[in-house]
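# Fold and geometry: a report
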Number of protein chains: 2
Amino acid sequence: MTVQTSSADFRRAIFLAGKVVGRRSAIPILSMIRCHANGSFEATGTDLDMTLTAKVAREPGADADFCMQAPQQVIAAIAAAGGKTVSMKTNGGKLRVSSDALDVTVDTVPSDDFPMEHLRPIQEQFSATFSAGDIAALARVAGAMSSEETRYYLNGVRLKSIGATTIQAQATDGHRLYLCDIQLPDAKGKLGDNVIIPRKAIRLLIELSKSAQNGVSLTIGTPAAANRLEGTAPEQPGASRLRFSFADRSAEVCFTSKLIDTSHYPDVERVIPAGGDKQALFKVADLRRALAAVSGHSREIRATKIAFGADGVATVSAAYLGIGLAASIKVACDHSARDLTIGFNGGYLSSILNAARGDEVLFTMTDLAAPVLVRNPADTAWTGVLMPMRVD
Amino acid sequence: MTVQTSSADFRRAIFLAGKVVGRRSAIPILSMIRCHANGSFEATGTDLDMTLTAKVAREPGADADFCMQAPQQVIAAIAAAGGKTVSMKTNGGKLRVSSDALDVTVDTVPSDDFPMEHLRPIQEQFSATFSAGDIAALARVAGAMSSEETRYYLNGVRLKSIGATTIQAQATDGHRLYLCDIQLPDAKGKLGDNVIIPRKAIRLLIELSKSAQNGVSLTIGTPAAANRLEGTAPEQPGASRLRFSFADRSAEVCFTSKLIDTSHYPDVERVIPAGGDKQALFKVADLRRALAAVSGHSREIRATKIAFGADGVATVSAAYLGIGLAASIKVACDHSARDLTIGFNGGYLSSILNAARGDEVLFTMTDLAAPVLVRNPADTAWTGVLMPMRVD
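Given the structure is predicted, the values throughout are model-derived calculations rather than measurements.

We now examine helix α5 (residues 284-295) of chain B. Three or four residues apart is the spacing at which side chains of an α-helix point the same way, because the helix has 3.6 residues per turn. Taking 1.5 Å of rise per residue, the 12 residues of α5(B) would be expected to cover 16 Å, and the 16 Å separating its terminal C-alpha atoms lies within 8% of that figure. Taken together, the buried positions of α5(B) are B:Val284, B:Leu287, B:Ala290, B:Leu291, B:Ala293, B:Val294 and B:Ser295.

So, in structure tokens, the structure goes:
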């Protein structure tokens, strides 16, 4: 059998499927891409937690089914050779991919061994279409995801229902908390209490959906019962799968991921400080320049101090004992926090400015030890909470 | 005392002097920049093997002399703050650098401790002006410098006199040899036999001189006798110092480096193969695309085979046993080497195409084990020699 596609389509499909494939896997088949050709050409990659299938057009021809070794290298070679079309042919454990004057031969194995569990239909509990703006809202909270292994349930973004067609995306690492409300007019079904999308899935959703043409449709649910295996583990309540699909210029993409299995996600409502009586309004560009000047050059933990002095001005400073350097800069700031000096992790401060967006940022503080509420006055959908840190 | 300069000039001078400062030095003063202000502002950095001084304009004011800690961090902070001018003031072991709303304080030490041995005048043996084209010629051979520690004398570019105003730049790592003739109409004096410019000095010369406005003046010689210290080591014959200086838009740069102290540099004339009877002429773009397709995706040693088959065509191929991949591509090639199959390190092949420049490259071969002569038919100044490697 021979399968023919355009070179660009082939490379796009393999590239997308390769996105979920781990760098080095002890199980050889997990470093391969499953290729399935019938009416179209489908490439599937998996790391057992996530699976991505990308479907592109093919020339009419016989069906085929094989797994391709070294997918990144194959598409790099094909891109470099510059041919217009690609033809694939398997022959006794070898796959030959030809494009113009180039022939690439790689190992192949039967696709029966490829783990396809994620491709089962999902018994839908919640579905909605995310626009580009809704994905951007996820990106605005993703910066606060934890990467700490002990509290694994913080390593993702939680989606929580806060109205019939409104959900809230939440992320926290214990030092900061970002929330963003998202309107989903076509939301259907009920979002359970413990829908936490893992970090890698969120990153991929944000990255890949940039090229989505008509929004991203998201489904949350449980895998539909197939030929049920008898097991001793109790049936799990609640959703355990996330699937999103979208179409870009040439490929139809379907991505499935496990959700983080937990009931420990903190009740973040209780963390949001109320009643802070000291406010400070910065121009984001000014504060960002000040942070870059006092701490942008360092890769160490950047303890950064903000001292509110006379009306209309704040002093941002940082000290690096290791290299004997201290820097301070004055920034215009409309504040009611005279004589307060408060310390932050400078990296978190930079991150929160990116997440808040907009031209201005408003800090609401109580004292130098209490959590600080961070808002963008022009945008009420997003909320940030930042813990101060003790600085000298 | 206060020293004032423009922010751009200050950052340029510190940046240039910082180029020779090592990342981590056990001797604290070697990580500092010596600043000297009299009629102008001079910044000097050294790693004991090389010293660079950059001189820029300053506002009139008193003389000053100090060493600045953490120079890269200071200029990063000043660049981020965005001020137009910089003023420096020392006060009891601290240097305060101010620019607009920013104040940076760093440790400073007296500049008496700064090693200034390289700044002594040079007793000139050879001098010449290198144009941008002459520097480019050095860059064309620099790719073949060794980085192996055992034959330290190969870790640089040798300059050899081959006529009254013509020198040849030579570099080899034992696997390949690049030569380039350079005309220097204003050359004065005699270039000794063992002028080998170390790798780091060549890289800096190529990088920094990109902004030189009227060529780079190069001096080779020995340090002039200062207050001579009595020593038991015998006086060394031959040159031991290289100095180059140039002016860019705002700074005057003077760079001094030790030469590699050796009399072991190989007589490369003997390595250039004569009498190869098999020739192959490639279009550089075609061969480069073929190399990218068969081996560009790999970071491993890229054993690449070229098989000369029927007239007018060659097959370039490579195999990667670890990932079970083999790739081959046909390339148009005007050759007289029918039935010869020869292997090369693919990385070296790519490098030699860059060094040869031009649209076409001519390989002159004897057999699969003898060194190959590589020429650019349109440019006789440059010569390359490449050792083949055994490929399965």
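Let's pick the thread back up.
Turning to the side chain of B:His118, a few remarks are in order. Positionally, B:His118 belongs in the loop between β8 (102-109) and β9 (122-130). Beyond its immediate stretch of four places on either side in the chain, B:His118 contacts B:Leu48, B:Asp49, B:Met50, B:Thr51, B:Arg241, B:Arg243, B:Thr256 and B:Lys258.

Before going further, it helps to spend a moment on the relation of the copies chain A and chain B. Mapping chain A onto chain B is achieved by rotating through 180 degrees and translating by 0.0 Å along the same axis, at an RMSD of 0.0 Å. In short, the pair behaves as if placed about a two-fold rotation axis. Mapped onto chain B, 100% of the interface residues of chain A again fall at the interface, so both copies present the same surface.

This part is about the environment of B:Ala224. Residues and elements named next belong to chain B. Inspection of the secondary structure puts Ala224 in the loop between β15 (216-223) and β16 (241-247). For the pair Ala224 and Ile122, spaced 102 residues apart in the sequence, the C-alpha separation amounts to 5.2 Å. The residues contacting Ala224, other than those within four sequence positions of it, are Arg120, Pro121, Ile122 and Gln123.

This part covers the sheet that holds strand β24 (residues 360-365) of chain B. Sheet strands pair by backbone hydrogen bonding; their relative direction is either parallel or antiparallel. Residue and element names in this part refer to chain B. Strand order in the open sheet formed by nine strands is β14-β10-β11-β12-β26-β25-β24-β18-β22, with antiparallel pairing between adjacent strands. Each end of this open sheet is capped by a strand with a single partner; those strands are β14 (195-198) and β22 (334-335). Sheet contacts for helix α4 (residues 199-208): β10 (156-161) and β14; angle to β14, the most-contacted strand, approximately 75 degrees. The strands touched by α5 within the sheet are β18 (278-283) and β24, with β18 carrying the most contacts at an inclination of about 85 degrees.

Before going further, it helps to examine the packing of α5(B) against helix α6 (residues 346-356) of chain B. Residue and element names in this part refer to chain B. Interhelical geometry of α5 versus α6 gives an angle of 155 degrees and a closest axis separation of 10 Å. By the angle between their directions, the pair α5 and α6 is classed as roughly antiparallel. As α5 runs across α6, the sense of the crossing is left-handed. In this structure, α5 contributes Val284, Leu287, Arg288 and Leu291 to the contact, and α6 contributes Leu349, Ser350, Leu353 and Asn354. Partitioning the contact of α5 with α6 into residue classes produces five nonpolar, two polar and one charged.

Our next topic: the sheet that holds strand β22 (residues 334-335) of chain A. Residue and element names in this part refer to chain A. If you trace the nine strands from one edge of the open sheet to the other, you get β14-β10-β11-β12-β26-β25-β24-β18-β22, paired in antiparallel fashion. One side of each edge strand has no neighbouring strand; the edge strands of this open sheet are β14 (195-198) and β22. Bridging between strand β18 (residues 278-283) and strand β24 (residues 360-365) involves six bridges; their strand directions are antiparallel. Note that in β24 the partner of Phe282 across the bridge is Val361. Sitting on the sheet, helix α4 (residues 199-208) touches β10 (156-161) and β14, and the angle it makes with β14 is about 75 degrees. This element, helix α6 (residues 346-356), spans β12 (176-183), β24, β25 (372-376) and β26 (379-386) of the sheet and lies at about 170 degrees to β26.

All names here are of chain A. Once the domains are mapped, chain A shows domain 1 (2-113), domain 2 (122-225 + 238-269) and domain 3 (272-386). Taken over C-alpha atoms, the centre of domain 1 sits 29 Å from the centre of domain 2. Across the boundary between the two partners, domain 1 contributes 15 residues, which contact 16 residues of domain 2. A combined buried area of about 1,300 Å² lies between domain 1 and domain 2, and 52% of that area is made up of carbon and sulfur atoms. Three residues stand out in domain 1 for area buried against domain 2, namely Arg12, Lys19 and Met50, and they jointly supply 35% of the buried area on that side. The tally of links between domain 1 and domain 2 comes to four salt bridges. For Lys19, the salt bridge goes to Glu207, with nearest N and O atoms at 2.6 Å. The interface formed by domain 1 and domain 2 includes eight residue pairs in polar contact (both at pLDDT 80 or more). Looking at the side of domain 1 that touches domain 2, its residues break down into seven nonpolar, two polar and six charged.

Moving on, we get to the interface of chain A and chain B. Counting residues at the interface gives 29 residues for chain A, matched by 29 residues for chain B. Counting each side, the surface lost to burial between chain A and chain B is near 2,200 Å², with a carbon and sulfur contribution of 62%. It is A:Gln73, A:His297 and A:Ile323 in chain A that bury the most area against chain B; as a group they hold 19% of the surface buried on that side. Counting every contact that joins chain A to chain B gives zero salt bridges. Our enumeration of links across chain A and chain B arrives at eight residue pairs in polar contact (both at pLDDT 80 or more). For the side of chain A that touches chain B, the elements supplying multiple residues, two or more each, are α2 (71-81), β8 (102-109), α5 (284-295) and β21 (325-332) of chain A. Bridging between β8(A) and strand β21 (residues 325-332) of chain B involves five bridges; their strand directions are antiparallel.

Each value, and the rule that gives it
- Residues numbered from 1 in each chain as written.
- Chains lettered and ligands numbered in written order.
- Predicted model: local features only at pLDDT ≥ 70, side-chain atom pairs only at ≥ 80, totals over all residues.
- Heavy atoms only, no water.
- Helix = DSSP H or I, 4+ residues; strand = E, 2+ residues; numbered from the N terminus.
- Expected span 1.5 Å × (residues − 1).
- Buried < 20%, exposed > 50% of the residue type's maximum accessible area, 1.4 Å probe, protein only.
- Contact = heavy atoms within 4.5 Å.
- Least-squares fit on C-alpha atoms with pLDDT ≥ 70 in both.
- Pairing = 2+ DSSP bridges.
- Axes fitted to C-alpha atoms, helices over the stretch in contact; angles between N-to-C directions.
- Parallel < 35°, antiparallel > 145°, perpendicular 65-115°, else oblique.
- Left-handed = near helix turned anticlockwise from the far one by under 90°.
- Nonpolar A, V, L, I, M, F, W, Y, C, P; charged D, E, K, R; others polar.
- Domains from an automatic or database assignment.
- Buried area = accessible area lost by both parts, 1.4 Å probe.
- Salt bridge = Lys/Arg side-chain N within 4 Å of Asp/Glu carboxyl O.
- Polar contact = N/O pair within 3.5 Å; in protein donor to acceptor, adjacent residues only side chain to side chain.

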